Amino acid sequence: MRNLRTNVIDTGQHKHHGVYLRSGLFRCTWWVVSIIFGIMPARGQIASTIPHLAKHGTATQLMVHGTPFLMLGGELGNSSASSLRYMAPVWPTLKTMGLNTILVPVSWELLEPREGEFDFTLVDSLIQSARENDLHVVLLWFGSWKNSMSCYAPAWVKMNQRRFPRARMSNGKALEILTPFSIENKNADIRAFSELMKHLRIMDGRQQTVVMVQVENEIGMIPEARDYCPEAENSFLQVVPAELMAYLKEHRMSLAKGFSQSWESAGGKMSGTWEEIFGKGVQTDEIFMAWQFARYANDVAAAGKKEYTLPMYVNAALMRPGSKPGQYPSAGPLPHLMEVWRAAAPQIDFLAPDIYFKNFSEWLGSYDRSGNPIFIPEADQQQSLTNAFYAFARHNAMGYSPFSIESAAHPEGNQFSKGYDVLRQLTPLILEHQGRGTMDGFLLDSVAQVARVTLGKYIFTVKHEYSWPYATRVEGQIPRYGGLIVQVAEDEYFIAGSGVVVTFQSSSDDGTSVGILRMEEGTFVRGLWMPGRRMNGDQDHQGRHLNLPGGEFSIQKVKLYTYK
Ligand code: DGJ
C-alpha cells in the first residue's frame, strides 16, 4: 500500500512539463522497479484478484478484494474533477454524506492534450484523494462521446476533421459528433483509453481504489436518428451482420417488445439489408446506429480490458414517452435495444440507466431482464433515497449514485447522510440476501400508495405513512417513501426505510391470523444488531403494525407469530 502511494507521488515528480512521455527512461525504470518489488500486477492478472462481477444466486455482485461490494455512490458534476482546487473542499463532504464510492469523469482532452502525450497528474491526484477519504472510484471515460456530443475530444482531434470525420445530418451538415464509422476515430479513442487502463493497472492494481469503468457517456445520435456521412450511407445499404441475426434468432422469444415488432412486421426475415429486415423508418435507423455505436464501444472496452480487466459498462439517456429517435439520443443502450447492444458488445458487462424520471421503478424494471446486472450511475438528486433501498432489494442493484452529489445542500444532515448511514449498516445483510429470494423492496408515492410483499409464510402490506391518521405530514405533498424487507429466520424480519406502515397476514388462507411477538428498533454496529427501544403500544399501534417514520431512515426487527 505504501509503495503504491509512493508511486502516485513519484509519478507526479517525473513529469516532463506536466506531461508524460509514452516511452523514456523513467517509464522503463518504473516498470523494472515495479516488477522487482511485486507492486505492479502483470498484464493477465488472475481475474478473482481484481474487481470483477460474480453471481450470487440470481444476483450479479461487484467483487472488490475478493468480497462483495455494495456501492453507496454519488457522481460528480461534469466539470468538478477538472480542478484539484475545486475538489479540495468537496472530498470531506462526500465522506460526511457516507458515500463509499465516487463516480469521477476522466476527459480525453485533459488526458491526451497532445497526440501521444499523456498527462496522468489529475487522475492520480483524484485517486489519491479518494484513498485518503476512504472512497472507491468508478471512472467515467469521457472519450469520443459525452451526451451524444464529442465535446471532450482533444483539440487536435476536433481541429482535424479530415482525419477524424464527423457524423452528418441528412442534409449533409456536419455535427460536433465523431462518426462511429471512422476507424481513425475509434483507434484514437482506443489508444487513449488503453493508456488509461494500463496506467490504472500499474498504479491501482493492488490497492483497487478504482472498481469499475464507464465507457463513454450517454452515447446516442441527435438530432436525427442516424448518421448520414458517406461511410454511414454505404454501411446502411449492406446486409445486417450475421452475428446480430444469430443473436436475434437465439433470443427470439425474449426480445424487447418494440424491437421484435419491427422485425416481425417486416416479415421476420433472417437475412437482408437493414431496411429489408426491420422495415423503413426511424426505428430501423436507430437499430442500425445502435449496432455501430455498440461495436465501437465494444472495441474501446476490449482494448482497455486487454490492459486491465475491470468491469465496464455503458450508461443511457432515457427518453420521454412519445418521443422519437433523434428527438431523444437515438441508439443508446436503451431497453428496447438491449439485444442489439448485447450482440454487438460482449465486452460491455452491462447497460445502466441514468434515471431522472419520476417513474423510477418502471425504468429499473425495464433494465432488469435477460441477465443484465443493475447499477444506477446517475439518479436525480432531488428524488428520495428510498429509491436506493428499493433498487438494492428488488433488483439486486450493485450500486446507486445521485448526480452532482457535491452540490447537495447540508451534507451533515441531508437525506444522503441519513440514508447512506442506514444502508451502510445494512450492507452485509443486503449482500447476503441479494439473489436468494429472501428480500424485497417497495416504493410508495401518490401513484402507488400500497405494496404487497410475500416472504416465507407471511404477506406484508406496506402502505404510505400518510394512510395513517397519526403520521407526521408535510402539507401539500405526498413524498416518495419506501424501503426493504429481509427475512432472517422463519418468523423474523428486518424492515428498513422511511415513511411506511406495515401490517401482516398469513399467506395461507385458512383463517390463520398474524400477531407481533416482539418488535424493536435498532442499529447494526460492525454487522451486529444492537436493539434500541422495544416498539410497542403507540409505537406499533397497540400490536397492529410496524411504522418507519418519514423524514428519516431507520431499521426495525420484528418477530411474528400466528394464531387462530
Ligand atoms: C446526464 C449526463 O450523463 C451527465 O453527465 C450530466 O450531463 C447530466 N445528464 C445533467 O443532468
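Residues numbered from 1 in each chain as written. Predicted model: local features only at pLDDT ≥ 70, side-chain atom pairs only at ≥ 80, totals over all residues. Heavy atoms only, no water.

**Points about the overall build of the protein**
The test is simple: Elements are defined by DSSP. Helices are runs of H or I of four residues or more, strands are runs of E of two residues or more, and each kind is numbered from the N terminus. Computation of the radius of gyration draws on C-alpha atoms alone. For the globule rule, the value is 2.2 Å times the number of residues to the power 0.38. To sort residues, take the accessible area from a 1.4 Å probe on protein chains only and compare it with the maximum for the residue type: under 20% means buried, over 50% means exposed, and anything in between is partly exposed. Note on definitions: a residue-residue contact is assigned when non-hydrogen atoms from the two residues lie within 4.5 Å. All accessible areas in this document rest on Shrake-Rupley with a 1.4 Å probe, and a residue is counted as covered only by the protein chains that are shown. None of His or the chain ends enter the tally, which takes Lys and Arg as positive and Asp and Glu as negative. In plain terms, the charge of a residue is placed at NZ if it is Lys, CZ if Arg, CG if Asp and CD if Glu.
Helix and strand counts for the protein come out as 17 helices and 23 strands. For 564 residues, the compact-globule estimate of 2.2 N^0.38 gives 24 Å, and the C-alpha radius of gyration of the protein, at 25 Å, lies within 12% of that figure. C-alpha extents for the protein along the principal axes are approximately 80 × 65 × 45 Å. Counting across all 564 residues of the protein, residues that qualify as buried make up 59%. When contacts within the protein are restricted to residue pairs at least 6 apart in sequence, long-range pairs at least 24 apart make up 75% of them. Accessible area for the protein stands at about 23100 Å²; split by element, carbon and sulfur atoms hold 53% of it. Taken together, the 54 basic and 55 acidic charged side chains of the protein have centroids lying 2 Å from each other.

**Thoughts on the packing of helix 16 (residues 386-394) against helix 17 (residues 415-433)**
Angle between the axes and distance between the axes are the two parameters that describe a pair of packed helices. Under the convention used in this document: Orientation is described by axes fitted as lines to C-alpha atoms, over the contacting stretch for helices, and by angles from 0 to 180 degrees between their N-to-C directions. To sort the angles, those under 35 degrees are grouped as roughly parallel, those over 145 as roughly antiparallel, those from 65 to 115 as roughly perpendicular, and the leftovers as oblique. Gly falls in the polar group here, along with every residue not listed as nonpolar (Ala, Val, Leu, Ile, Met, Phe, Trp, Tyr, Cys, Pro) or charged (Asp, Glu, Lys, Arg).
Where helix 16 contacts helix 17, the two axes come as close as 11 Å, and the packing angle between them is 10 degrees. When the axes of helix 16 and helix 17 are compared, the pair comes out roughly parallel. For the pair helix 16 and helix 17, the contacting residues are Ala388, Phe389 and Phe392 in the first and Gly419, Val422, Leu423, Leu426 and Ile430 in the second. Its residues assigned to classes, the contact of helix 16 with helix 17 shows seven nonpolar, one polar and no charged.

**A short note on the site of the ligand**
Where we set the bar: Consider each residue's heavy atoms; a residue with any of them within 4 Å of a molecule or strand counts as near. Identification of polar contacts relies on pairs of N or O atoms within 3.5 Å, with a donor-acceptor requirement for protein atoms, meaning one able to donate a hydrogen and the other able to accept it, and with residues adjacent in sequence counted only if both atoms are side-chain atoms.
Every residue near the ligand is listed here: Asn78, Lys146, Asn147, Asn217, Glu218, Asp354, Tyr356, Glu378 and Phe403. In the model, an oxygen atom of the ligand is placed 2.9 Å from a nitrogen or oxygen of the Asn78 side chain. Between the ligand and Glu378, the relevant distance is 2.6 Å, taken from an oxygen atom to a side-chain nitrogen or oxygen of the residue. Against a free-state accessible area of 290 Å², the protein chains account for coverage of 75% of the ligand. Tallied by class, residues from the shell around the ligand come to two nonpolar, three polar and four charged.

**Examining the nonpolar core**
The condition is simple: Side-chain atoms within 4.5 Å are what join buried Ala, Val, Leu, Ile, Met, Phe, Trp, Tyr and Cys residues into a set we call a nonpolar core. In this entry, domain limits derive from an automatic or database-based domain assignment.
Membership of the largest hydrophobic core comes to 134 residues, with the highest contact counts inside it found for Ile102, Trp341 and Ile376. Tallying contributions element by element places helix 13 (residues 282-307) first for this core, with twelve residues. Both domain 2 (48-148 + 189-226 + 286-433) and domain 3 (439-563) contribute no fewer than three residues apiece to this core. Setting aside residues up to four positions removed in sequence, Trp341 forms contacts with Ile219, Ala290, Phe293, Ala294, Ala297, Val314, Ala331, Gly332, Pro333 and Leu351. Counting 24 residues, the second largest nonpolar core, distinct from the first, contains Phe460, Tyr481, Ile485 and Val558.

**Considering the pairing of strand 18 (residues 492-498)**
Going by this rule: Strands are labelled as partners when DSSP assigns at least two bridges between them.
In terms of burial, strand 18 is largely enclosed, as seven of its seven residues are buried. Of the two faces of strand 18, the one lined by Glu492, Phe494, Ala496 and Ser498 and the one lined by Tyr493, Ile495 and Gly497 are each fully buried. Direction of pairing for strand 17 (residues 481-489) relative to strand 18: antiparallel, over a ladder of seven bridges. Counted as the bridge partner of Ile485 is Ile495 from strand 18. Linking strand 17 to strand 18, which pair antiparallel, is a turn of two residues. The sheet contact formed by strand 18 and strand 23 (residues 554-563) spans six bridges and is antiparallel.

**Quick word on the sheet that holds strand 16 (residues 458-464)**
Sheet strands pair via backbone hydrogen bonds, and the direction of the pair is either parallel or antiparallel. In space, the four strands of this open sheet follow the order 15-16-19-22, with antiparallel pairing throughout. The two strands at the open ends of the sheet, each matched to only one other strand, are strand 15 (450-455) and strand 22 (546-548). Strand-to-strand twist across the sheet, computed as the mean angle between neighbouring axes with direction ignored, equals 25 degrees. As defined by bridge partners, strand 19 (residues 500-506) adjoins strand 22 across three bridges and the pair is classed as antiparallel.

**Remarks on helix 13**
Rules: What a helix should span is 1.5 Å times the count of its residues minus one.
With 26 residues, helix 13 extends 38 Å from end C-alpha to end C-alpha; this agrees with the ideal 38 Å at 1.5 Å per step. Most of helix 13 is tucked away, with 20 of its 26 residues classed as buried.

**Points about the pattern of salt bridges**
Here is the rule we go by: Here, a salt bridge means any Lys or Arg side-chain nitrogen found within 4 Å of an Asp or Glu carboxyl oxygen.
Applying the stated criterion across every chain yields a total of 25 salt bridges. Between Glu184 and Arg163 there is a salt bridge, with the nearest N and O atoms lying 2.7 Å from each other. One end of the pair, Glu184, is in helix 8 (residues 183-204); the other, Arg163, is in the loop between helix 7 (155-158) and strand 7 (166-168), with 21 residues separating them in the sequence. Within this structure, Glu115, Arg163, Glu184 and Arg191 form a network of salt bridges that share partners.

**Looking at the sheet that holds strand 23**
Read from one edge to the other, the open sheet built from six strands follows the order 14-17-18-23-20-21, with strand pairing classed as antiparallel. Two strands bound the open sheet, and with one partner strand each, they are strand 14 (439-444) and strand 21 (528-534). Within this sheet the neighbouring strands show an average axis-to-axis angle of 30 degrees, counted without direction. Its contacts with the sheet place helix 17 against strand 14, strand 17, strand 18, strand 20 (513-525) and strand 23, and it is angled at close to 50 degrees to strand 17.

**Some words on the pairing of strand 5 (residues 101-107)**
Within strand 5, seven of the seven residues are buried, which leaves the element mostly enclosed by the surrounding structure. Side chains Thr101, Leu103, Pro105 and Ser107 project from strand 5 onto one buried face, and the interleaved Ile102, Val104 and Val106 project onto a second face that is buried too. Taken together, the three bridges between strand 4 (residues 71-75) and strand 5 define a ladder with parallel strand orientation. Following the sheet pairing, Gly73 is matched in strand 5 by Thr101.

**Quick word on unusual backbone geometry**
For the bond from Ile222 to Pro223, the omega torsion is 5 degrees, close enough to zero to count as cis. With respect to the secondary-structure elements, Pro223 resides in the loop between strand 9 (210-217) and helix 9 (230-236). Phi is positive for Glu216, close to 65 degrees, though the residue is something other than glycine. Here Glu216 shows up in strand 9. Its identity is not glycine, yet Arg526 carries a phi of approximately 45 degrees, on the positive side. Mapped onto the secondary structure, Arg526 falls in the loop between strand 20 and strand 21. For Arg526, a relative accessible area of 81% gives the class exposed.

By themselves, these observations are geometric and do not establish any function.
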